[in-house]
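Chain and residue survey
So the chains spell out like this:
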Amino acid sequence: MSAQLIDGKAVAETLITQVREGVDARLAAGKRAPALAVILIGDDPASGVYVRNKKRNCEKAGIRSLAWDLPASTTQDELLAIIDQLNADDSVDGILVQLPLPKHIEPQAVIERIDPKKDVDGFHPYNMGRLAIKMPLLRPCTPRGVMTLLESYGIDPKGKKAVIVGASNIVGRPQALEMLLARATVTVCHSATADLAAEVAAADIVVAAVGKPNFVKGEWIKPGAVVIDVGINRLENGSLCGDVEFDSARERAAFITPVPGGVGPMTIATLLQNTLDSANLHA
Ligand SMILES: Nc1nc2c(c(=O)[nH]1)N[C@@H](CN(C=O)c1ccc(C(=O)N[C@@H](CCC(=O)O)C(=O)O)cc1)CN2
Ligand SMILES: [Mg+2]
């Protein structure tokens with residue numbers, strides 16, 4: 001068997017078109033376009049690419065983007081002051097601070113400074129807590145994007161065994177909450193998991209989000225499983241690879257996401273969706 005590829009680029013394009021329609025509906029009702037403030041600190045090349053893609057896709061969706069490109073020497077207090085200013089600005093619906101941050105800035109202090117109503121990354125404890133109590137408001141982009149991908153391919157997690165490999169605040173933990181909300185039976189694996197191979201082998205849906213190239217072995221995958229690879233690892237030869245051994249996993253899985261072109265594009269499309277949702281909730 002060779003798994004069907006899940007085309008994240010195509011699903012993301014469809015989602016961006018839907019966001020554009022939602023923006024046009026706001027304009028037709030006499031409301032303003034949604035606005036997203038994107039803050040980039042320092043010169044991490046990958047972050048620069050992601051931020052440029054976010055701005056470009058905002059344009060496509062009719063969302064106004066405001067850019068703060070700040071030097072690596074920016075202090076935490078300077079960053080918090082900019083966030084305070086954006087929190088108070090009624091013309092701004094979403095605030096995004098690109099991660100990772102320079103080492104002298106404490107990410108949690110930054111995340112918690114953003115008004116939860118404008119937290120389009122969904123990382124604020126308020127929004128994570130809402131997701132945990134089955135009352136989601138603004139949901140982390142990558143895990144929400146994964147759920148959209150599954151739905152687009154007619155894959156319903158209800159009653160399935162979902163195994164999440166990785167327990168980060170950005171992906172693994174909120175992904176587990178999303179799967180639970182969709183009524184999967186959920187296992188979260190991490191560095192202290194006793195038998196990772198056995199956990200993965202029992203999964204109907206595997207989500208890999210560890211940031212280590214080819215960490216999940218193809219031979220672990222249960223025949224017919226759905227494999228979602230969130231990892232984006234750049235190899236020394238410049239090529240990208242995921243957290244899953246793609247070729248051998250594809251031989252066993254029913255569905256699999258490629259890297260690139262799988263989950264990555266959904267992260268950005270879902271950010272636009274969250275920005276529209278935020279505008280519609282409050283302005
Ligand atoms: N504030 C945030 N910071 C970070 C997030 C986030 O959701 N919010 N996620 C990642 C980076 N990220 C978005 O910010 C992101 C990563 C990858 C992609 C993507 O489209 N990847 C492409 C490949 C692109 C390449 O060539 O490098 C793909 O997978 O096809 C989009 C967004 C960490 N920081
Ligand atoms: Mg992400």
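Only a predicted model underlies this, so the values are computations on that prediction, with no experimental measurement involved. (Residues numbered from 1 in each chain as written. Chains lettered and ligands numbered in written order. Predicted model: local features only at pLDDT ≥ 70, side-chain atom pairs only at ≥ 80, totals over all residues. Heavy atoms only, no water.)

1. Examining the overall build of the protein
Of the regular secondary structure elements, the protein holds ten helices and eleven strands. Taken over the C-alpha trace, the protein has a radius of gyration of 19 Å; the compact-globule value for 283 residues is 19 Å, and the two agree within 12%. Dimensions of the protein, computed from C-alpha atoms along their principal axes, come out at roughly 50 × 45 × 40 Å. Put simply, the protein has 283 residues, and 50% of those count as buried. Excluding contacts between residues fewer than 6 apart, the proportion of contacts in the protein whose partners are at least 24 apart in sequence is 72%. Put simply, the protein shows about 12700 Å² of open surface, and 53% of that area lies on carbon and sulfur atoms. Charged side chains in the protein number 30 positive and 33 negative. The centres of these two groups are separated by 4 Å. (Helix = DSSP H or I, 4+ residues; strand = E, 2+ residues; numbered from the N terminus. Rg over C-alpha atoms; globule rule 2.2 N^0.38 Å. Buried < 20%, exposed > 50% of the residue type's maximum accessible area, 1.4 Å probe, protein only. Contact = heavy atoms within 4.5 Å. Areas by Shrake-Rupley, 256 points an atom, 1.4 Å probe, with all protein chains shown as cover. Lys, Arg positive; Asp, Glu negative; His and termini not counted. Charge placed at Lys NZ, Arg CZ, Asp CG, Glu CD.)

2. Here's the deal with the UniProt feature "domain: Tetrahydrofolate dehydrogenase/cyclohydrolase NAD(P)-binding" (unreviewed entry) in the protein
Feature annotation in UniProt assigns "domain: Tetrahydrofolate dehydrogenase/cyclohydrolase NAD(P)-binding" (unreviewed entry) to the following positions: residues 140-281. Here residues 140-281 is 38% helix and 17% strand, with 17 Å between the C-alpha atoms at its ends. (UniProt positions renumbered as here; feature names shortened; annotations may be inferred.)

3. As for the site of ligand 1
Near ligand 1 you find 16 residues, and of these Lys 54, Val 97, Leu 99, Asp 121 and Gly 261 are the closest. Val 97 is positioned such that a nitrogen or oxygen atom in its backbone is 2.9 Å from a nitrogen atom of ligand 1. A distance of 2.6 Å is found between an oxygen atom of ligand 1 and a backbone nitrogen or oxygen belonging to Gly 261. For ligand 1, whose free accessible area comes to 690 Å², the fraction covered by protein is 82%. Put simply, ligand 1 lies in the largest pocket. Residue assignment for the shell around ligand 1 shows that the elements contributing at least two residues are α2 (45-61) and α10 (263-282). Broken down by element, the shell around ligand 1 gets its largest block of residues, four residues, from α10. (Near = heavy atom within 4 Å. Polar contact = N/O pair within 3.5 Å; in protein donor to acceptor, adjacent residues only side chain to side chain. 1 Å grid on protein atoms, 1.4 Å probe; cavity = no way out; pocket = protein on both sides within 12 Å on 5 of 7 lines; lining within 4 Å. Sits in = over half its atoms within 2 Å of the grid points.)

4. Overview of the pairing of strand β8 (residues 226-229)
Where a strand is regular, its side chains alternate between the two sheet faces. Covered by surrounding structure in β8 are Val 226 and Ile 228 together with Val 227 and Asp 229, the residues of both alternating faces. Strand direction decides the pairing type here: strand β7 (residues 205-208) and β8, joined by four bridges, are parallel. Bridge pairing links Ala 208 to Asp 229 in β8. Bridging between β8 and strand β11 (residues 255-256) involves two bridges; their strand directions are parallel. In the sheet register, Val 227 faces β11, and the bridge partner there is Ile 256. (Pairing = 2+ DSSP bridges.)

5. Some remarks on the UniProt feature "binding site: NADP(+)" (unreviewed entry) in the protein
Annotation from UniProt places "binding site: NADP(+)" (unreviewed entry) at Gly 166, Ala 167, Ser 168 and Ile 232. The annotated residues contributing to the lining of the largest pocket are Ser 168 and Ile 232. Judged by its relative accessible area of 30%, Ser 168 falls in the partly exposed class. Filtering out sequence-adjacent residues up to four positions away, Ser 168 remains in contact with Arg 173 and Pro 174. A polar contact of 3.0 Å, which involves the side chain of Ser 168, links it to the backbone nitrogen of Val 171. Positionally, Ile 232 belongs in the loop between β8 and β9 (233-234). Owing to a relative accessible area of 42%, Ile 232 belongs among the partly exposed residues under this scheme.

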